[in-house]
Amino acid sequence: MRIRLFAIIVLVLSGCSLLFAQSGNVKDIRQTYLWDVTLSMQGKAPGAPNIWEQVKEAIISDIQQISDDRTEIVVIPFQHQALDEWREYATSAGKAALISKIEAYKIPLHDFGGKKTTMTCLYEPLQYVVDKVLSVDKVDILKLMTDGISDEHQAEYEELLSRWCEIAKEKDAFGFYIMLTSQAVEGRTVLEKINPCRFDAIDVADLGGTDVSLLMLTPPKNVAFNVREDYGKSLAFRLARSGSGTLQQGYKVHVYSVENEYIHVDAVAELQSDCSITVKPDYLMPLEQMVDSLPIDVNEKVMLRMEPAEGMDQLPYAMTRILDAPTVMEMINKTEKTVKFHVR
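Residues numbered from 1 in each chain as written. Predicted model: local features only at pLDDT ≥ 70, side-chain atom pairs only at ≥ 80, totals over all residues. Heavy atoms only, no water.

### Some details on the nonpolar core
Just so we agree on the cut-off: Grouping buried Ala, Val, Leu, Ile, Met, Phe, Trp, Tyr and Cys residues that are joined through side-chain atoms within 4.5 Å yields what is termed a nonpolar core. The classification of residues rests on relative accessible area computed with a 1.4 Å probe and restricted to protein chains. Under 20% of the type maximum is buried, over 50% is exposed, and intermediate values are partly exposed. Numbered from the N terminus, helices here are DSSP runs of H or I no shorter than four residues, and strands are runs of E no shorter than two.
Phe237, Ile263, Leu271, Ile277, Met329 and Met331 are the most contacted members of the largest nonpolar core, which has 34 residues in total. The leading source of residues in this core is strand 18 (residues 300–308), at three residues. One finds Tyr33, Ile51, Trp52 and Leu180 within the second-largest nonpolar core, a separate group that totals 32 residues.

This is how it looks when you write it as structure tokens:
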């Protein structure tokens with residue numbers, strides 16, 4: 001059981017990271033481990049399993065797998081608040097320094113009502129990350145690892161989650177709520193109620209007998225559509241894949257367009273083995289009118305979104321995830337140049 005849990009956590013952690021390895025984003029990546037270090041992690045609470053060593057080993061293994069030495073690594077042990085902050089870059093020396101601190105960490109006790117113990121609070125540590133870690137100059141990957149729900153400040157935690165979407169888009173951040181035990185799974189209801197974008201819940205505890213390898217899909221950042229040549233045709237996209245998961249046959253993607261004057265897309269398509277999909281848009285005006293309406297010197301931009309279709313949140317499809325990132329379709333309104341060669 002101990003080895004299996006460790007392996008599951010490692011796969012989940014690495015899957016969260018691999019999502020961004022092929023995203024094409026020019027900004028460097030920062031990985032933050034918000035690590036629950038309460039006594040229940042050592043099994044010192046009613047019904048709580050001792051997962052202390054497995055989680056430590058999983059974090060260490062995940063850190064060791066980071067290959068880009070420009071990646072910044074932040075480890076924040078937390079209880080009712082952030083207790084410490086360790087920062088290093090993913091060089092050999094930086095990794096070694098962090099691993100040494102993780103291996104040697106001892107759970108500190110605090111006085112609550114005259115009793116020396118620990119308390120879990122998710123609001124203060126998450127707010128700490130928002131205020132002290134996230135920034136616009138990097139892509140931030142936050143891995144919130146806990147075995148329980150908040151003991152206090154639940155209303156403040158929910159209010160912060162309600163603002164997470166705006167914060168995450170502004171600072172280019174992505175959160176993963178990694179549920180380590182059945183108690184932590186109760187926290188899923190909060191996420192489901194608020195449904196913040198760029199914050200995924202991953203249930204480690206309930207995945208014991210299944211393949212937990214994650215397949216991550218990244219929508220293309222930009223696609224070109226030449227109005228004069230592509231009008232009336234279907235739209236084809238290929239999503240970049242990463243992670244060690246397997247694409248399940250029948251996995252479906254919902255593609256939809258943000259409101260615009262030119263096309264309307266609201267379709268579900270099955271992902272092919274090469275991670276490509278094809279959808280048929282509705283053209284909102286005749287070709288001649290569209291050519292007259294669109295500028296020639298600059299390209300009008302239409303925003304498209306891709307997300308798992310209905311039902312794809314159930315196993316085995318749930319282990320395939322799509323990055324919450326828009327696709328910009330540039331509407332080109334001029335004939336593509338061609339070159340003719342004359343051979344004598």
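### A few points about the state of the cysteines
To be explicit about the condition: When the sulfur atoms of two cysteines come within 2.5 Å, that pair is taken as a disulfide.
Under the definition given, this model contains one disulfide. One disulfide in the model links Cys165 with Cys197; its S-S distance is 1.9 Å. Linking Cys165 and Cys197, the disulfide has an S-S dihedral of approximately 100° and is accordingly described as right-handed. With Cys165 in helix 5 (residues 154–171) and Cys197 in the loop between helix 7 (188–194) and strand 8 (199–203), the pair connects residues that are 32 residues apart, well separated along the chain. For Cys165, a relative accessible area of 23% puts it in the partly exposed group.

### Points about the pattern of salt bridges
As a reminder of what qualifies: Any carboxyl oxygen of Asp or Glu that lies within 4 Å of a side-chain nitrogen of Lys or Arg is treated as forming a salt bridge with it.
In the structure shown here, the tally under the stated rule is 10 salt bridges. Among the salt bridges present, the one from Arg198 reaches Asp172, with a minimum N-O distance of 3.2 Å. One end of the pair, Arg198, is in the loop between helix 7 and strand 8; the other, Asp172, is in the loop between helix 5 and strand 7 (173–179), with 26 residues separating them in the sequence. In this pair, the class of Arg198 matches that of Asp172, namely buried. Note that Arg238 is salt-bridged to Asp274, the shortest N-O span being 2.7 Å. Taken together, the residues Arg238 in strand 11 (residues 235–238) and Asp274 in the loop between strand 15 (266–270) and strand 16 (276–279) connect sequence positions 36 residues apart. For Asp274, a relative accessible area of 35% puts it in the partly exposed group. Residues joined by salt bridges that share partners form a network here, namely Arg30, Glu72, Glu85, Arg87, Lys138 and Asp140.

### Examining the environment of Val129
Defined as follows: The contact criterion used throughout is that any non-hydrogen atoms of two residues lie within 4.5 Å.
Residue placement: Val129 occurs in helix 4 (residues 123–132). With relative accessibility at 0%, the residue Val129 sits in the buried group. Val129 sits 55 residues away from Val74 along the chain, and the two C-alpha atoms are 9.9 Å apart. Look past the residues within four positions of Val129 in its chain and what remains in contact with it is Thr32, Leu34, Ile76, Leu134 and Leu142.

### Some details on the sheet that holds strand 13 (residues 252–257)
Note the threshold: One bridge is not enough; two strands pair if DSSP finds at least two bridges between them. To define axes, lines are fitted to C-alpha atoms, for helices over the stretch in contact only, and angles between the resulting N-to-C directions are given on a 0 to 180 degree scale.
In space, the five strands of this open sheet follow the order 10-20-18-13-15, with mixed pairing throughout. Each edge of the sheet is formed by a strand with only one pairing partner; in this case those strands are strand 10 (222–226) and strand 15. Taken pair by pair, the neighbouring strands of this sheet meet at an average axis angle of 30°, ignoring direction. Direction of pairing for strand 13 relative to strand 18: antiparallel, over a ladder of five bridges. Across the sheet, Val255 pairs through a bridge with Met306, a residue of strand 18.

### Structural notes on helix 2 (residues 52–64)
Heads up, the condition is: The span expected for a helix works out to 1.5 Å for each residue beyond the first.
With 13 residues, helix 2 ought to run about 18 Å at 1.5 Å a step, and its terminal C-alpha atoms sit 19 Å apart, in line with that. A large share of helix 2 lies buried, amounting to 10 of its 13 residues. The set of residues buried in helix 2 consists of Trp52, Gln54, Val55, Lys56, Ala58, Ile59, Ile60, Ser61, Asp62 and Ile63.

### Section: the packing of helix 2 against helix 3 (residues 92–104)
Just so we agree on the cut-off: When describing relative orientation, an angle under 35 degrees is termed roughly parallel and one over 145 degrees roughly antiparallel, while 65 to 115 degrees is termed roughly perpendicular and anything else oblique.
The geometry of helix 2 relative to helix 3 is characterised by a closest axis approach of 10 Å and an angle of 180° between their N-to-C directions. Relative to helix 3, the element helix 2 lies roughly antiparallel. Packed against helix 2, whose contacting residues are Lys56, Ile59, Ile60, Ile63 and Gln64, the element helix 3 presents Lys95, Ile99, Ile102 and Glu103 at the interface.

### Focus: the side chain of Lys171
To be explicit about the condition: Under the convention used here, Asp and Glu are negative, Lys and Arg are positive, and both His and the chain ends fall outside the count.
For Lys171, the position within the fold is in helix 5. One buried charged side chain, Lys171, makes no salt bridge at all; its nearest oppositely charged neighbour is Glu170, positioned 5.9 Å away. If sequence neighbours within four positions are ignored, Lys171 has contacts with Val130, Leu134, Ser135, Val136, Lys138 and Asp140.

### Here's the deal with the packing of helix 4 against helix 5
Applicable threshold: It is the rotation of the near helix from the far one that decides the hand of a crossing: anticlockwise by less than a right angle makes it left-handed, clockwise makes it right-handed. Residue polarity follows a fixed list, in which Ala, Val, Leu, Ile, Met, Phe, Trp, Tyr, Cys and Pro are nonpolar, Asp, Glu, Lys and Arg are charged, and the others, Gly among them, are polar.
At a closest axis distance of 11 Å, the pairing of helix 4 and helix 5 adopts a crossing angle of 20°. In terms of their interaxial angle, helix 4 and helix 5 are classed as roughly parallel. Between helix 4 and helix 5 the crossing geometry is left-handed. Facing helix 4, whose interface residues are Tyr123, Leu126, Gln127 and Val130, helix 5 presents Glu156, Tyr157, Leu160, Leu161, Arg163, Trp164, Ile167 and Lys171. Here the residues of the contact of helix 4 with helix 5 are counted per class, giving eight nonpolar, one polar and three charged.

These figures capture arrangement, not role.
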